[in-house]
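This is what each chain is made of:
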Protein chains: 6
Amino acid sequence: MSELTHFNEQGRAKMVDVSEKTETVRIALAHSSVEVNESIYQQIASGTNKKGDVFAVAQVAGIMAAKQTASIIPMCHPIPLTGVNIIFEWEIDKEKSRYLILIKAEAKTKGVTGVEMEALTAASAAALTIYDMCKAAGKEMVIGPTYLQKKSGGKNGDYERPLA
Amino acid sequence: MSELTHFNEQGRAKMVDVSEKTETVRIALAHSSVEVNESIYQQIASGTNKKGDVFAVAQVAGIMAAKQTASIIPMCHPIPLTGVNIIFEWEIDKEKSRYLILIKAEAKTKGVTGVEMEALTAASAAALTIYDMCKAAGKEMVIGPTYLQKKSGGKNGDYERPLA
Amino acid sequence: MSELTHFNEQGRAKMVDVSEKTETVRIALAHSSVEVNESIYQQIASGTNKKGDVFAVAQVAGIMAAKQTASIIPMCHPIPLTGVNIIFEWEIDKEKSRYLILIKAEAKTKGVTGVEMEALTAASAAALTIYDMCKAAGKEMVIGPTYLQKKSGGKNGDYERPLA
Amino acid sequence: MSELTHFNEQGRAKMVDVSEKTETVRIALAHSSVEVNESIYQQIASGTNKKGDVFAVAQVAGIMAAKQTASIIPMCHPIPLTGVNIIFEWEIDKEKSRYLILIKAEAKTKGVTGVEMEALTAASAAALTIYDMCKAAGKEMVIGPTYLQKKSGGKNGDYERPLA
Amino acid sequence: MSELTHFNEQGRAKMVDVSEKTETVRIALAHSSVEVNESIYQQIASGTNKKGDVFAVAQVAGIMAAKQTASIIPMCHPIPLTGVNIIFEWEIDKEKSRYLILIKAEAKTKGVTGVEMEALTAASAAALTIYDMCKAAGKEMVIGPTYLQKKSGGKNGDYERPLA
Amino acid sequence: MSELTHFNEQGRAKMVDVSEKTETVRIALAHSSVEVNESIYQQIASGTNKKGDVFAVAQVAGIMAAKQTASIIPMCHPIPLTGVNIIFEWEIDKEKSRYLILIKAEAKTKGVTGVEMEALTAASAAALTIYDMCKAAGKEMVIGPTYLQKKSGGKNGDYERPLA
């Protein structure tokens, strides 16, 4: 059975020692989403400029947050990120009035620990930013589910989320 | 119809002017959650110390992230937070093997803009921290849904999320 | 003759005491610019998306940097910014092959000290970001001159830069 | 008997609510020190430039750290600092070969909570910076004792440290 | 005689060049302490939860501060920390009413410069956090002495503090 | 023709992947300047202490900003800086009443991407700090031009700015 590896001999948290781990290329892909109402959907989608901008701001927020992961998540190691990319996609079901923005955030490093938290933090910050920029038009937005979709690199092998 | 208020005359984002808004006490309550597997549940719950610590670290992370909201969410105004509190609750359905950590984050200020984003950021950072501390024992955890449960203060009146 | 007000009794710098100053609405407008080559101009201008994005990223960078002013400029007071807006304009002289991006950054607060440094920091960060995003297409770009164009609020009265 | 006021109903820490506290001018003075060896003393003291600089860097570090207090100390409220000043004094006993740098850091605000932690953080960061800049010339330096010397403002009245 | 290596040719500070130094595993252990009164001692020690939490918050603060060392100490190089651990111990002399919390902070990296400052910053931030969480129950607490206990790795060889 | 390499397949910005680039020593030198009036010149130059301090604070600001480059410039990779140095020089033409402070900032790393942005950010922050410390004595100061003077390392070869 796997163990909680963040605890020290006093039963409290520590930043675990990774000095001896091997440097490899590591990639992680996280998904999140924001469900918005029709009015917000139309506002975002109705102009090239405007659509570009909500997502552009969210994207910058996600990338900058990825770089701040180790100062947001207490036990995270500082990681020299070598690449971050964020994609937005609409998933719309007009009959059910369901307007969903899918957020896919990929983080990459060449280092000794994985970048799952960087990808998850990027996706979360992008989602929070969309919420912030649209909240005047409806507070009932829902962020998430947010989860790890895929990772590769590192001695524990690759991971891909099973189909639901 | 409400408008996206974050855009300037060039169709790009700006930090909207709140100089003339009135200073009032404003409170926001956000909810998030982390669904974990039985093994993680048992590890967290099996020792007073250990349970205390995962949540204690997550709580500190959430409170510190609330204070960083304006540097994570690009168009957020810097806010003099006057209080933050985070509560964790287990919601367990053993038959369905469903182990859910509910996260309730409340932020408070006496200022000119609301603290929704601070509460949502606190809840998100707490959730990400739980994920980080438990990920060695299962990567299929799911964060969220994350949403605003309640807010009060400000000229737009109070809000409470309708029952699902 | 005005004095350097940042020095303490040991001849070293301090953050000057503003506890007794009156809270008023204060606005500052700073200008900067980036001179680029024709190739960069065409790349930025040739697609709605692409133009939008260089400026959109620069704009987010400028607004976020404005909020970090007090952690970048050592003797700056922390300021509760109430608004920031950044505008980009092209100034083109094709005969002289001169392609200039003008950056106008406005910062606003209701507080006890001015926001000149916030406006200047926003303009500088936006300019540096444009440089960063275009540097693969030419390293000879020039940033600036960067200066205060205008300010209002505070006991020293308003200021407007004289015509050159 | 006074209580630990940072705990919530689950026995964990929170940022206590100060929304209803009155805004007053608050000042705190903290002391720290660094004991160095004779060689470091002579290096710092032997040139106007050099002496100026170790202390100048330490001073800037202290002032900038004061502004970061709420992001270093988890339960600290963000405070709009209105002034910070740091003074260095030598306390030398050549017979005992004792070379002590006294650090006095004063922080000031007009706000709802005190600035003890800001003054203590400023003094600590200044001391750590002196250590960092001199450590090539002796690792046996000792920082501290670090303590609150004096505070004023707020409903609990003024405090002055009793003579030892 | 060793030299102050942080100065440039103008007699001012610089971040010294370490590009040619060899990457090795480096460890540093710093000690600090907080002396508290009996009332604070009893409050911290009287409940498992409560004791856990003051130290848990202090521990998270110390680990997060270790990661911020290069942004707190001006001439410090940014370091990819590979591990941080903090231990708390009570040292009590009831006859003399002396209640001392010992803080031992260890930092580790695989890099080109040492982690003394990271360990010292972690210990200092943990101490300041204990002060902050207990200050309502007594302002006469004393932080420190804070010093380097031990270091290993790097070309200058290992160091261990001589017995007092 | 070179391309804007910061855009992803949706036409929006990303942090480009540098995982496969080779680690080499990379150096960049950026220049900036601040033009001040005679009164500010005399105030800075008239006392050893005072001159030292405006530049000392600006220098610390520049070095600390260099370390924050990746959190100021959105698409910048985090870089393990191995050295930063900043030099100030006066360029005075008394007949034309022209008092210019030249700022030369050099950044160095051993890594996979260049340090142009770090050098430019250091120079810009130093210039902004001089402006901040002198603005009480004249708001007409001009910062810049700011540009890359020289770089070496990396597969694209060295660059030196041509004479004007």
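That block above? That's the structure.
Only a predicted model underlies this, so the values are computations on that prediction, with no experimental measurement involved.

## Section: the relation of the copies chain D and chain E
Thought 1: When chain D is fitted onto chain E, the two copies agree to an RMSD of 0.0 Å after a turn of 180° and an axial shift of 0.0 Å. Here the two chains are linked by the operation of a two-fold rotation axis.
Thought 2: A high fraction, 98%, of the interface residues of chain D reappear at the interface in chain E, so the copies pair face to face through one surface.

## What about helix H4 (residues 116-134) of chain E?
Thought 1: Between its terminal C-alpha atoms H4(E) stretches 27 Å, which fits the 27 Å expected from 19 residues at 1.5 Å a residue.
Thought 2: Counting buried positions along H4(E) yields 19 of 19 residues, so the element is predominantly enclosed.

## Notes on the interface of chain A and chain B
Thought 1: Contact with chain A, which involves 54 residues of that partner, is made by 54 residues of chain B.
Thought 2: Roughly 4,500 Å² of surface becomes buried between chain A and chain B when both sides are summed, with 66% attributable to carbon and sulfur atoms.
Thought 3: The tally of links from chain A across to chain B stands at 2 salt bridges.
Thought 4: One salt bridge connects A:Lys139 with B:Glu116, and the closest N-O pair in it is separated by 3.6 Å.
Thought 5: Where chain A packs against chain B, one counts 4 residue pairs in polar contact (both at pLDDT 80 or more).
Thought 6: Counting only elements with at least two residues in the side of chain A that touches chain B, the list comes to helix H1 (38-45), helix H2 (48-67), helix H4 (116-134), strand E4 (142-143) and strand E5 (147-152) of chain A.
Thought 7: Across the side of chain A that touches chain B, the residue classes break down as 30 nonpolar, 13 polar and 11 charged.

## Remarks on the interface of chain D and chain E
Thought 1: Every contact between the two is made by 53 residues of chain D and, on the other side, 52 residues of chain E.
Thought 2: Carbon and sulfur atoms supply 66% of the area that chain D and chain E bury against each other, a total of about 4,500 Å² over both sides.
Thought 3: Secondary structure elements with two or more residues in the side of chain D that touches chain E: helix H1 (38-45), helix H2 (48-67), helix H4 (116-134), strand E4 (142-143) and strand E5 (147-152) of chain D.
Thought 4: A per-class count over the side of chain D that touches chain E returns 30 nonpolar, 12 polar and 11 charged.

## Re the packing of aromatic side chains
Thought 1: The full count for this structure, using the stated rule, is 24 aromatic pairs over all chains.
Thought 2: Geometrically, the ring pair formed by A:Phe55 and A:Phe88 is stacked, given 4.7 Å between the ring centres and 10° between the ring planes. Of this pair, A:Phe55 sits in helix H2 while A:Phe88 sits in strand E2 (residues 81-93), and the two are 33 residues apart along the sequence.
Thought 3: The class of A:Phe88 is buried, set by a relative accessible area of 4%.
Thought 4: Judged by centre distance (6.0 Å) and plane angle (45°), the rings of D:Phe55 and D:Trp90 are tilted. Here D:Phe55, found in helix H2, pairs with D:Trp90, found in strand E2 (residues 81-93); they are 35 residues apart in sequence, far enough to count as distant.
Thought 5: An aromatic cluster is built from A:Tyr41, A:Phe55, A:Phe88, A:Trp90 and A:Tyr99, whose rings are joined through pairwise contacts.
Thought 6: Between E:Arg161 and the ring centre of E:Tyr147, over which it is positioned, the NZ or CZ distance is 4.4 Å.

## Thoughts on the pairing of strand E1 (residues 24-36) of chain F
All names here are of chain F.
Thought 1: Sheet topology places E1 next to strand E3 (residues 98-111); 13 bridges connect them, and they run antiparallel. Bridge pairing links His-31 to Lys-104 in E3.
Thought 2: Bridge count for E1 against strand E5 (residues 147-152) is 5 bridges, and the pairing is antiparallel. Each residue of the ladder has a partner; that of Leu-29, found in E5, is Lys-150.
Thought 3: Of the pairings in the sheet, the one linking E1 to strand E4 (residues 142-143) comprises 2 bridges and is antiparallel in character. Residue pairing in the sheet places Val-34 in a bridge with Ile-143 of E4.

The rules behind the values
- Residues numbered from 1 in each chain as written.
- Chains lettered and ligands numbered in written order.
- Predicted model: local features only at pLDDT ≥ 70, side-chain atom pairs only at ≥ 80, totals over all residues.
- Heavy atoms only, no water.
- Least-squares fit on C-alpha atoms with pLDDT ≥ 70 in both.
- Contact = heavy atoms within 4.5 Å.
- Helix = DSSP H or I, 4+ residues; strand = E, 2+ residues; numbered from the N terminus.
- Expected span 1.5 Å × (residues − 1).
- Buried < 20%, exposed > 50% of the residue type's maximum accessible area, 1.4 Å probe, protein only.
- Buried area = accessible area lost by both parts, 1.4 Å probe.
- Salt bridge = Lys/Arg side-chain N within 4 Å of Asp/Glu carboxyl O.
- Polar contact = N/O pair within 3.5 Å; in protein donor to acceptor, adjacent residues only side chain to side chain.
- Nonpolar A, V, L, I, M, F, W, Y, C, P; charged D, E, K, R; others polar.
- Phe/Tyr/Trp six-rings, centres within 6.5 Å; stacked < 30°, edge-to-face > 60°.
- Lys NZ or Arg CZ within 6 Å of the ring centre and 35° of its normal.
- Pairing = 2+ DSSP bridges.

That's the geometry; what it means functionally is another story.
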